[in-house]
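Each chain, letter by letter, is given below.
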Amino acid sequence: MSSRARVLLPLPVGDGYDYAIPADMRIAEGDFVEVPLGRRRLIGVVWGEGTAALAAERIKPIAGKLPTQPMAPAMRRLIDWIARYTLSPPGAVLRMAMSVPDALLPAKPTLLYRLPPGTPPADVKLTPARKRALQFMAEAPALPAADIARAAGIGVGVVKGMQTAGLIEPEWQTIEPLPQQPDPAHPGPELSGSQAEAARALVAAVEERDFAVTLLDGVPGAGKTEVYFEAVAAALRQGRQVLVLLPEIALSAQWLRRFEQRFGALPCEWHSDLTGLERRRGWRAVQSGAARVVVGARSALFLPFRDLGLIVVDEEHESAFKQEDGVIYNARDMAIVRARLENAPAILVSATPSLESVVNAESGRYALQHLPARHGGAAMASIEAIDLRRHPPQRGQFLSPPLLQAIAGTLQAGKQALLFINRRGYAPLTLCRTCGHRVECPNCTAWLVEHRFRGRLICHHCGFNQARPTHCPSCSAEDSLVACGPGVERLHEEVRLHFPEARAMVLASDLIGGPRAAQELIRQIAEHEVDLVIGTQIVAKGHHFPDLALVGVGDADLGLSGGDLRAAERTFQLLYQVAGRAGRANGDGKALLQTWQPEHPVIQALASGQRERFLSAEKQARAAAGMPPYGRLAALILSSADESQVDAAARALASAAPHFEGVRVLGPAPAPLALLRGRHRRRLLLKTRREVDIQAILLQWLASVSLPGSVRLQVDVDPYSFL
């Protein structure tokens, strides 16, 4: 490279800064370098040649080059691609790829102890504890004092005393423990005919060593995981790396067990529950190629794979793959982009594929592999709707008589039951029965949700919480506040009333202490240490509970209304997935859906098993309205602490809106969450035909308007949330 380099910094501003290259330093694109910025020193990435725009005396020199592998060209192209697509600063995307700064620096040496050559000094007293330590160390490599003490059953102080006495000697070493190595030749389960056929197609795609996308569509319990494991094995045989994305890391408990059974070792995990040291070691293991398979949440997409040979997106339809803060992106879609840049195949896996993926498969953009039946001949759970107009619950309760009877029969038969309601806490609304006041969050346009287990009212949007008032905040009436509507905690209370002997568990994201705690709870359910589970969507997908015979949905109508264009699709996916937990291994299963709208198309499609008919109707409705996947959307969200300023900014943006054929701007309008975390919010929606370059229109539009510094603008291309 010439005398100047453009260095991209992990900051949400600019496209990089020019720095001078010292005469004694060799610099290439992708190198990690340390550079001055104001009074700070930051680590960035060399993104290309510098320009001649600034005079030489104004250019600061690069302070140093880091002794680590450069960022791969495919990763740099991915960062640029995501920045252009999402209209985000490239540095903001780079920050996600540099999430573990310590991993860019050499590992710190660790103090280890080993036996010196020769025999122990004759004048040193050998206590029983010292003898045990010497006996252990005679067969072990150099180890930290804590490891020696734990293995020998002694205190760390004994180890330190042995060094002082000359029995052992210290040495400093840099430890980079290697992860376990999955064995593709390790025997796996026997596949059925349809499974083997699908697996052959996936393996062939991996062996092509070229980009291709396959949608693996199969009913719950069809053994989709075992099928794509064969593609994982094919990539491992090639010596390449594999990335498996899961929407929620809580789903990984049983997945990890199945992976270990298939490959004889565990993969590298990547999620928020890792310690700083674990993240550093995992990042470096991926960079060096030592981590052959990585399973993780959406952030794993930005790990520095050395030779990525396969990407799998499990539960590809899940909205959890969409990041809503900072850089707004869909990890499923960006995984396909990364696969293309890496010349690697991608596999999208789901029992209820997104409409986007279904349309791509029908058009031939994606290959399709379908598994229509459960593995081993198990029958799909029957799905029935309970009309709450004909079978209402008792006053003050939420479980109908038919559902209670089904639960009782299931428990008497020694089976498990699952009650599902996608609502955390005890009740979604606290209401004054004297004046009608609803307890709201002071920072958001949202009700406070009662969490009786914690004794708090909590906002699920900003985290504000308070103790449950004893008086109405509006009319001061005493003991007038009542909980309205059910959440998982309230259903748990009702279950304990009707089935006091049953071992009941509540499973919701806010009650779990992290992925490891979630894995333990899932294990307890799978091994029938629990009779009755009351859970949110965390239990709706990906789990295999052999003794679960009954699924009851407390409110099947939840999510069917509102302005979300995907409301019907999401509700169908969620209820179909949760129904699929029943009857997977030991006998027939049943799912009962409590509903006030048994005639709704979603409820009808679920009860009749007519998924294709439902999807066909959804496609026709979307196509007629020009909505995704047949049209494109981009949301513009303005926010400010000052309501008048955000209104003025919204009007200015609307007045400069583009006017082209096939382009329409809706709004501005107050967002459904018009106040969020103390900021007033207004929304505009850009709607275009599928073939329109929506990013170009957005760039031209936004460049024509100057917004005040107090107003924040978020651009969400391909929005999933409309709140």
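In the block above lies the structure referred to throughout.
Bear in mind that the values here come from a model prediction, so they are computed numbers and not experimental data. (Residues numbered from 1 in each chain as written. Predicted model: local features only at pLDDT ≥ 70, side-chain atom pairs only at ≥ 80, totals over all residues. Heavy atoms only, no water.)

The next thing to look at is the packing of helix H3 (residues 128–137) against helix H5 (residues 156–164). Between H3 and H5, the shortest axis-to-axis distance is 10 Å and the interhelical angle comes to 80 degrees. Of the possible angle classes, the one that applies to H3 and H5 is roughly perpendicular. Only Val 158, Gly 161 and Met 162 of H5 make contact with H3, whose side of the interface consists of Ala 129, Arg 130, Ala 133 and Leu 134. Taken together, the residues of the contact of H3 with H5 break down into five nonpolar, one polar and one charged. (Axes fitted to C-alpha atoms, helices over the stretch in contact; angles between N-to-C directions. Helix = DSSP H or I, 4+ residues; strand = E, 2+ residues; numbered from the N terminus. Parallel < 35°, antiparallel > 145°, perpendicular 65-115°, else oblique. Contact = heavy atoms within 4.5 Å. Nonpolar A, V, L, I, M, F, W, Y, C, P; charged D, E, K, R; others polar.)

So, about the pattern of salt bridges. Applying the stated rule across the entire model yields 32 salt bridges. One salt bridge connects Arg 332 with Glu 316, and the closest N-O pair in it is separated by 3.3 Å. Placement of the pair is Arg 332 in helix H10 (residues 331–342) and Glu 316 in the loop between strand S12 (308–314) and strand S13 (322–323), with a sequence separation of 16 residues. Overall, the relative accessible area of 1% leaves Glu 316 in the buried class. Among the ionic pairs, Asp 716 bridges to Lys 322, the shortest N-O distance being 2.9 Å. Note that Asp 716 is positioned in strand S31 (residues 712–717) and Lys 322 in strand S13, a separation of 394 residues in sequence. The exposure class of Asp 716 is buried, given its relative accessible area of 3%. (Salt bridge = Lys/Arg side-chain N within 4 Å of Asp/Glu carboxyl O. Buried < 20%, exposed > 50% of the residue type's maximum accessible area, 1.4 Å probe, protein only.)

The subject of this paragraph is the side chain of Arg 682. When you line up the elements, Arg 682 lands in strand S30 (residues 679–689). At 2.6 Å, the side chain of Arg 682 and the side chain of Asp 647 are in polar contact. (Polar contact = N/O pair within 3.5 Å; in protein donor to acceptor, adjacent residues only side chain to side chain.)

Another aspect to go through is helix H17 (residues 611–625). In a regular helix each residue adds 1.5 Å, so 15 residues correspond to 21 Å; H17 covers 21 Å between its end C-alpha atoms and thus fits that length. The complete set of buried residues in H17 reads Arg 611, Phe 614, Leu 615, Glu 618, Lys 619 and Arg 622. Take H17 and look down its axis: the buried residues cluster within an arc of 135 degrees, on one side only. Exposed side of H17, more than 90 degrees from the buried face: Arg 613, Gln 620 and Ala 624 are the residues found there. Buried residues in H17 make contact with strand S8 (212–218), helix H11 (355–363), strand S16 (367–371), helix H15 (567–579) and helix H16 (601–608). (Expected span 1.5 Å × (residues − 1). Arc of directions from axis to C-beta.)

The subject of this paragraph is the environment of Cys 432. Tracing the backbone through its elements, the reader meets Cys 432 in strand S19 (residues 429–432). Judged by its relative accessible area of 1%, Cys 432 is buried. Sequence-wise, Cys 432 and Ala 331 are 101 residues apart; in three dimensions their C-alpha atoms are separated by 43 Å.

This next bit is on the sheet that holds strand S26 (residues 548–553). In spatial order, the strands read S17-S27-S26-S18-S25-S24; together these six strands make up an open sheet with parallel pairing. The sheet is open, and its two borders are formed by strand S17 (382–387) and strand S24 (504–507), each paired with just one other strand. For this sheet the average axis-to-axis angle between neighbouring strands, irrespective of direction, equals 20 degrees. Examined bridge by bridge, S26 and strand S27 (residues 590–595) share four bridges and lie parallel to one another. Each residue of the ladder has a partner; that of Gly 552, found in S27, is Leu 592. Together, strand S18 (416–420), S24 and strand S25 (532–535) form the strand contacts of helix H13 (residues 488–498), whose direction differs from that of S25 by roughly 155 degrees. (Pairing = 2+ DSSP bridges.)

This part is about the nonpolar core. Judged by nonpolar contacts, the single largest core of 77 residues is most densely connected at Met 71, Leu 243, Val 294 and Leu 698. Counting residues per element, this core draws most heavily on H10, at seven residues. Counting residues in each nonpolar core, the second largest holds 74 residues, with Phe 259, Val 530, Val 533 and Val 553 among its members. (Core = buried A, V, L, I, M, F, W, Y, C linked by side-chain atoms within 4.5 Å.)

What follows is about the packing of helix H7 (residues 224–237) against helix H8 (residues 252–263). Interhelical geometry of H7 versus H8 gives an angle of 50 degrees and a closest axis separation of 11 Å. By the angle between their directions, the pair H7 and H8 is classed as oblique. For H7 against H8, the interelement crossing comes out right-handed. Note on element contacts: H8 touches H7 through Trp 255, Arg 258, Phe 259, Arg 262 and Phe 263, opposite Thr 225, Glu 226, Tyr 228, Phe 229, Glu 230, Val 232, Ala 233 and Leu 236. Residue composition of the contact of H7 with H8, by class: eight nonpolar, one polar and four charged. (Left-handed = near helix turned anticlockwise from the far one by under 90°.)

Spatial strand order, S20-S21-S22: three strands in an open sheet with antiparallel pairing. The open sheet terminates on both sides in strands that have one partner only, identified here as strand S20 (449–451) and strand S22 (465–467). Across the sheet, the mean angle from the axis of one strand to that of its neighbour is 30 degrees, orientation sign disregarded. Note that strand S21 (residues 456–458) and S22 share three bridges and pair antiparallel. What sits directly across from Arg 456, in S22, is Ala 467.

For the coordinates displayed, the defined rule picks out 10 aromatic pairs. Plain terms: the ring middles of Phe 229 and Trp 255 are 5.6 Å apart, the flat faces sit at 75 degrees to each other, and that makes the pair edge-to-face. In this pair, Phe 229 is assigned in helix H7 and Trp 255 in helix H8, connecting sequence segments 26 residues apart. Overall, the relative accessible area of 1% leaves Phe 229 in the buried class. Where Phe 229 meets Phe 259, the ring centres are 5.6 Å apart and the plane angle is 85 degrees; that geometry is what we call edge-to-face. Of this pair, Phe 229 sits in helix H7 while Phe 259 sits in helix H8; the two residues are 30 residues apart in sequence, bridging distant segments of the chain. Members of the aromatic cluster, each reached through a chain of ring pairs, are Tyr 228, Phe 229, Trp 255, Phe 259 and Phe 263. Here the basic side chain of Arg 262 rests over the ring of Phe 263, its NZ or CZ set 4.7 Å away from the ring centre. Cation over ring: Arg 566 sits above Tyr 720, and NZ or CZ is 4.0 Å from the ring centre. (Phe/Tyr/Trp six-rings, centres within 6.5 Å; stacked < 30°, edge-to-face > 60°. Lys NZ or Arg CZ within 6 Å of the ring centre and 35° of its normal.)

By themselves, these figures tell us nothing about what the structure is for.
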